[in-house]
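Below are the chains, spelled out letter by letter.
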Amino acid sequence: MNDSLFPKPPREPDDQLPHIHRLLLGYYGQPKPREPWDPLKQFIYSLLSSRTKTETTHQVVRHLQRQFASWDDLRDASLKEIEDAIRDVTFPDQKAVQLKSSLQQITHRYGKLTLDFLAQYRTDKIRAWLEQFPGVGSKTSAAVVNFSTLRRRALCVDSHHLRVTQRLGLTPRADAATTEERLMRLVPETWTAEMLDEHHSLIKLHGQRLCTFTDPRCTDCPLLRLCPFGKKQVTKSDIAAS
Ligand code: SF4
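No experiment lies behind these values; they were computed from the predicted model shown.

(A) A look at the site of the ligand. Around the ligand, a shell composed of Arg167, His206, Cys211, Cys218, Cys221, Leu224, Cys227, Phe229 and Gly230 is seen. Judged by its atoms lying within 2 Å of the grid points, the ligand is housed in the largest cavity. Its residues assigned to classes, the shell around the ligand shows six nonpolar, two polar and one charged.

This is the structure:
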């Protein structure tokens, strides 16, 4: 391998994520700031979003808001009606069951259908509570606490985040909960909930644009010098081209 192409980055572990963040900001520019939704709308969005394109999930949530006068009406609709209304997301049959059951359980436990009351609780307690609902794992609970008006510190680790951080060697192969725990050890104390949201957006964008599942464009990547996987890819393509 040609070391002059890949000089060792002089980075302390504490600066790894901030350095990656700065490089991605330089490459993609500042992501559009999020206008946080209330926790219940974010919960519904996040439950529907797994393995579904972001724009499709947004369209489905807009459609739900047009079709049902309130989230109570969505909860009380038949499974068939809900499944039809969300048919553009992946696994609409499973998600209809999870959504209806979650909305019913929230109503049963709190007395009405809202998640605004979560604001009075600690973040770990909120996440454990949310993760009791069907289909809700660490990705969804992190999205609810971080992206919504709750605005707590958490890192939403989706499939893009898993892939990019594993390729960068920041975490070994692991599930989203373990990966989030390991990454949060690298997050500076000074990063606010908004910074973590911005970091998630940048990594996700990178996973969608350059560090794709099937065809990572490592030679164009601003993180190449930091990336063990990318260096191997580039070396392989150099060998293939020679
Ligand atoms: S160098 Fe390649 S594998 Fe590494 S982060 Fe960039 S695109 Fe992904």
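(B) Fine view of unusual backbone geometry. The backbone of Arg51 shows a phi angle near 55 degrees, a positive value even though the residue is not glycine. Within the secondary structure, Arg51 is located in the loop between helix H2 (39-49) and helix H3 (54-67). Overall, Arg51 belongs to the exposed group, its relative accessible area being 71%. Notably, Phe91 is not glycine yet its phi reads approximately 50 degrees, a positive angle. Along the polypeptide, Phe91 turns up in the loop between helix H5 (79-85) and helix H6 (92-110).

(C) Examining empty space enclosed by the protein more closely. Throughout the structure, instances matching the rule amount to one cavity of 30 Å³ or more. For the largest cavity, the lining is made up of 14 residues, of which His206, Cys211, Cys218, Cys221 and Cys227 are closest to its centre. Listed by contribution, the elements that provide at least two residues to the lining of the largest cavity are helix H9 (159-167) and helix H12 (228-241). Class assignment for the residues of the lining of the largest cavity results in ten nonpolar, two polar and two charged.

(D) Up close: the domain arrangement of the chain. For the chain, the assigned domains read domain 1 (13-32 + 159-236) and domain 2 (39-147). Here domain 1 and domain 2 have C-alpha centroids that lie 28 Å from each other. Counting residues at the interface gives nine residues for domain 1, matched by six residues for domain 2. Buried area between domain 1 and domain 2, both sides added, is near 530 Å², and the carbon and sulfur share of it is 41%. Taken together, domain 1 and domain 2 are joined by one salt bridge. A salt bridge links Arg127 to Glu180, with the nearest nitrogen and oxygen atoms 2.8 Å apart. Broken down by secondary-structure element, the contributors of at least two residues to the side of domain 1 that touches domain 2 are helix H10 (176-186) and helix H11 (193-209). It is H11 that provides the largest number of residues to the side of domain 1 that touches domain 2, a total of six residues. Partitioning the side of domain 1 that touches domain 2 into residue classes produces four nonpolar, two polar and three charged.

(E) Main features of the UniProt feature "domain: HhH-GPD" (unreviewed entry) in the chain. Under the local residue numbering, the UniProt record ascribes the feature "domain: HhH-GPD" (unreviewed entry) to residues 48-209. Counting secondary structure, residues 48-209 comes out at 64% helix and 0% strand; the distance between its end C-alpha atoms is 22 Å.

(F) Highlighting the packing of aromatic side chains. Throughout the structure, instances matching the rule amount to six aromatic pairs. Judged by centre distance (5.4 Å) and plane angle (70 degrees), the rings of Trp37 and Tyr45 are edge-to-face. Between Trp129 and Phe133 the ring centres are 5.0 Å apart and the planes differ by 85 degrees, which places this aromatic pair in the edge-to-face class. Phe133 shares its class with Trp129; the two are buried.

(G) Local environment of the side chain of Thr107. Here Thr107 is to be found in helix H6. Judged by its relative accessible area of 17%, Thr107 is buried. At a separation of 2.7 Å, a polar atom in the side chain of Thr107 contacts the main-chain carbonyl oxygen of Leu103. With residues up to four places along the chain from it excluded, the contact list for Thr107 reads Arg75, Lys112 and Leu113.

(H) Examining the environment of Leu113 more closely. Assignment of secondary structure puts Leu113 in the loop between H6 and helix H7 (123-130). Taking C-alpha positions, Leu113 is 42 Å from Asp14, a pair spaced 99 residues apart along the chain. Ignoring sequence-local partners within four residues, the contact set of Leu113 consists of Leu40, Trp71, Asp72, Arg75, Leu103, Ile106 and Thr107.

About the thresholds
Residues numbered from 1 in each chain as written. Predicted model: local features only at pLDDT ≥ 70, side-chain atom pairs only at ≥ 80, totals over all residues. Heavy atoms only, no water. Near = heavy atom within 4 Å. 1 Å grid on protein atoms, 1.4 Å probe; cavity = no way out; pocket = protein on both sides within 12 Å on 5 of 7 lines; lining within 4 Å. Sits in = over half its atoms within 2 Å of the grid points. Nonpolar A, V, L, I, M, F, W, Y, C, P; charged D, E, K, R; others polar. Helix = DSSP H or I, 4+ residues; strand = E, 2+ residues; numbered from the N terminus. Buried < 20%, exposed > 50% of the residue type's maximum accessible area, 1.4 Å probe, protein only. Points joined across faces, edges and corners; volume = space filled by probe spheres on them. Domains from an automatic or database assignment. Contact = heavy atoms within 4.5 Å. Buried area = accessible area lost by both parts, 1.4 Å probe. Salt bridge = Lys/Arg side-chain N within 4 Å of Asp/Glu carboxyl O. UniProt positions renumbered as here; feature names shortened; annotations may be inferred. Phe/Tyr/Trp six-rings, centres within 6.5 Å; stacked < 30°, edge-to-face > 60°. Polar contact = N/O pair within 3.5 Å; in protein donor to acceptor, adjacent residues only side chain to side chain.

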